[in-house]
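Now for the letters of each chain:
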Amino acid sequence: MQETENRLTHGETVSEEFRGSDANVTPTTPPTHPSLKSNSSSPAPMAPFIPTSKETLVEQVVSKYLTSIVDDTTMQLGGIRDALLRRINGVIALENTGRKDSFSSSPPLVKSQSLDEVTVAQVLLSRNCIVAVDLSEGQADDMTLLAMYVQYGEGMGTYTTSEARIKALASELKPSMTKNAIDSLYGRLRIHAPQVSRTTEPHLIPVANGVFDHDQQILLPFSRDWVFLSKIPTPYKADAKDPVITMPDKKLWTFDSWIASLSDDDGVPELLWEVISAAVRSYAPWDTAIWFAAERGNNGKGTLVQMLRNLLGSKACSAVKFADFGHEFKMEALVHARVNLVDENDVGEFFDHIADWKAAITGDVFTLNRKYKTPVAVRFLGIDIQCFNSSTPRTKDKSDSFYRRLLIVKFNKWFGGAERRYIKRDYLGRPEVLEYVLKRALEMQHTKLSNPKACQEAMDDYRGNNNLLLSFWEEFEQQLAWGLVPFGFLHALYSEWFRRTNPSGKPESRNALVAFLREHLAGSAEWEHKGSDDVRPKQLMNCPEVLSVEYGLVDWMNSSYTGTDPLKKSTLSPLKVNYKGLVRRHQIALPGSAATEEEEDSTD
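Residues numbered from 1 in each chain as written. Predicted model: local features only at pLDDT ≥ 70, side-chain atom pairs only at ≥ 80, totals over all residues. Heavy atoms only, no water.

Visitor: Residue-level account of the sheet that holds strand S7 (residues 218–220), with values.
Guide: Spatial ordering of the open sheet is given by S5-S6-S7, a layout of three strands whose pairing is antiparallel. Strands with a single pairing partner mark the edges of an open sheet, and in this sheet they are strand S5 (204–207) and S7. Strand-to-strand twist across the sheet, computed as the mean angle between neighbouring axes with direction ignored, equals 35°. (Pairing = 2+ DSSP bridges. Helix = DSSP H or I, 4+ residues; strand = E, 2+ residues; numbered from the N terminus. Axes fitted to C-alpha atoms, helices over the stretch in contact; angles between N-to-C directions.)

Structural data, given as structure tokens:
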């Protein structure tokens, strides 16, 4: 029995029908099924024949054969297919002989004309390093991405998630498979493939010629044990130098001098180098989104972004606009990306919801819907770099948690008068330039991004532009005359101010203004927020409030005065019994506040 089984394992057949080119010996006696026992030396009662299912037979044959060729890298899928079919049908013939000779009631098994889905999956998994990649680092079950290790060519050292490449192997192994059958097989592969997590150690950076260990500052060879979905296509060269290029006007150009020319603000050129290094070492916990902003074109930021794209490669870069975070099917590129690099955003947009953007920046897990594909749970670990022209976007979120995530770099210079297009189109794509940039970026040791004074001022400007309630308050706080400033008056003033400064926009509600002032003035030494208490005006509102006249707030003027004196016109009358609003902690004496407390009491 064992001898017959061994012969089948090594390619021998039981008849001319099953003989293959790899058969070495043709049996001269009828084969004995493994389930039948015999002893030529002494008769013994045979054990009863127990039929074996076709699935079990196929599983045993496939397992033994794939084990036997595990080290044979020369075997092609077509040869594996034919060898398996010979062995499977040989074992089926033995099974059928056993059933016949034992008068079994089990019907004969049908020979296989092609490999079944399970066998195809087993072969592909044994001959290729196919895995199910967990993109959430264990925070979401059954939402993995099928990937295959690339051993040769451009993507060497990474795992490709291309469905087409994996399905092409299935088609090569079993050419008769229909599209639906291949799709079904793909789903089975996701079930049976071993699950792995991405390599997210920030010190390991895959480059064109290996994996750079930032901690040890050495280049290591690729390994399938490291799961990278993309790599930097520029090779690391320890001896790379900043090349000196002679421009058409005979002036000398170097990358270092070009970076220095992009800004005259103290610390900004150094910051730009830090940004380049952060993009290369993107899995480090920067926890910061970078916005390049400019009021007009020809400022250099687009050229810098193009250099980063040349350096990092299209596979490692996504281009999800700020407005597209949270939109279904528009974020799929984040799966492979190490850097989200956007060189243009729409101008003047207002965004109500930026939760998905904030989740991506801080590395939270979110579900990524993919068009016509299975959703996956993703944690984006890269860095986000967005470019804005004219102005940065306004958002509904005005919290400190939003602003803490931002670093705004203004590009204030203009190169329109001496534009050198060849820098962007030629110099910044040259291999020797990119090799120098990569070397220097990999050798930098900073763990956080600096925040020069120019960037701090840009952030202050953005806070005001983004939060018009803040801009309103900062403009009018020192102009307010009353000691008690009702919320109704403040909202009326804000609405009219907004209409004049943003005619196409929509002002915030009174509740939004009240809530903003409560948060903004918490702990203020100047103002007390009386949002829940009624305050009697007394002498707090007996002086003129000229802003009511300047902004035409009729409801906050003297309704009985018909003259033209702005002071009398802006002295509110009649007053209500009480108001909710802001109370000045230290009252100031203003012209026109001559009413006595008795007069106010009578008004109340």
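From this point, the discussion proceeds with the structure in view.
Visitor: Account for the environment of Lys321, with residues named and values stated.
Guide: Examined against the element boundaries, Lys321 turns out to sit in the loop between strand S11 (317–318) and strand S12 (339–342). What makes Lys321 partly exposed here is its relative accessible area of 31%. Separated by 66 residues in sequence, Lys321 and Cys387 place their C-alpha atoms 9.2 Å apart. (Buried < 20%, exposed > 50% of the residue type's maximum accessible area, 1.4 Å probe, protein only.)

Visitor: Mind laying out the side chain of Thr254, listing which residues take part and the relevant values?
Guide: One can find Thr254 in the loop between strand S9 (252–253) and helix H7 (255–261). Here the side chain of Thr254 touches Ser257 through a polar contact of 2.8 Å, side chain to side chain. Contact partners of Thr254, with chain neighbours within four places excluded, come to Asp242, Pro243 and Val244. (Polar contact = N/O pair within 3.5 Å; in protein donor to acceptor, adjacent residues only side chain to side chain. Contact = heavy atoms within 4.5 Å.)

Visitor: So what about the sheet that holds strand S4 (residues 195–197)? Which residues, and what values?
Guide: Strand pairing in a sheet relies on backbone hydrogen bonds. The paired strands run either parallel or antiparallel. The mixed open sheet is built from four strands, whose spatial order is S3-S2-S1-S4. The two strands at the open ends of the sheet, each matched to only one other strand, are strand S3 (159–160) and S4. With respect to the sheet, helix H5 (residues 163–173) is in contact with strand S1 (130–134), strand S2 (145–149) and S3, its orientation differing from that of S2 by roughly 70°.

Visitor: Please give an account of the nonpolar core that cites residues and values.
Guide: Formed by 54 residues in total, the largest nonpolar core has its most connected members in Trp253, Phe255, Ile276, Phe292, Leu304 and Met307. The element that contributes the greatest number of residues to this core is helix H8 (residues 268–280), accounting for nine residues. Counting residues in each nonpolar core, the second largest holds 42 residues, with Ala147, Tyr159, Trp291 and Ala293 among its members. (Core = buried A, V, L, I, M, F, W, Y, C linked by side-chain atoms within 4.5 Å.)

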